[in-house]
Each structure stands twice: as C-alpha cells, then as structure tokens.
Amino acid sequence: MKQALISTIEPRETGYRVAQVEPTNQTFPVAPDFFWTPCADNVVADQFWYDPQDKTIKAIPQPQT
C-alpha cells in the first residue's frame, strides 16, 4: 500500500490535489495544509484527487474528445 500526500490549498474537482505518492515507509512530516492518507497502488499524483466528503481518492475525469 502507498500513501498519498493531499494538499488542502490546491482545489481539484470538488476536493483537493493529490500532490505526491510514496510507499508507506517513505513518508515524511508535512506542513499543516497537507496530510498523508492511504491510497491504492495505482494512484498517481495530479491524475487523482481527494474527496473530503467521503474521504476517498478518485481519478480526475478525462475530457471527452
């Protein structure tokens, strides 16, 4: 399992930006506007967002072409 670094000062969709993803044993202390949360192994920074309503990480929808 990995950890996603959430930036509460960078809105995405109706939640917050996933700023970084690291293995659980490689997290580090962060400023108060950020926090770590567990995430799936397929989560990638800037391609997913954190939904504070249900506390889940979701993929950013791709534009229709």
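Here, the structure is the one placed above.
Residues numbered from 1 in each chain as written. Predicted model: local features only at pLDDT ≥ 70, side-chain atom pairs only at ≥ 80, totals over all residues. Heavy atoms only, no water.

### Observations regarding the packing of aromatic side chains
Phase 1: A full pass over the atoms with the stated rule returns two aromatic pairs.
Phase 2: On the basis of an interplanar angle of 90° and a centroid distance of 5.2 Å, the ring pair of F28 and W36 is categorised as edge-to-face.
Phase 3: Note on F28: relative accessible area 36%, which makes it partly exposed. (Phe/Tyr/Trp six-rings, centres within 6.5 Å; stacked < 30°, edge-to-face > 60°. Buried < 20%, exposed > 50% of the residue type's maximum accessible area, 1.4 Å probe, protein only.)

### Describing the sheet that holds strand β5 (residues 56-59)
Phase 1: Strand order in the open sheet made by the five strands is β3-β1-β2-β4-β5, with antiparallel pairing throughout. What marks the edges here is a single partner per strand, and that holds for β3 (34-39) and β5. Going from strand to strand, the sheet's axes swing by 45° on average, the running direction of each strand aside.
Phase 2: Sheet topology places strand β1 (residues 2-12) next to strand β2 (residues 15-23); eight bridges connect them, and they run antiparallel. Its bridge partner being in β2, A4 is matched across the sheet by V21. (Pairing = 2+ DSSP bridges. Helix = DSSP H or I, 4+ residues; strand = E, 2+ residues; numbered from the N terminus. Axes fitted to C-alpha atoms, helices over the stretch in contact; angles between N-to-C directions.)

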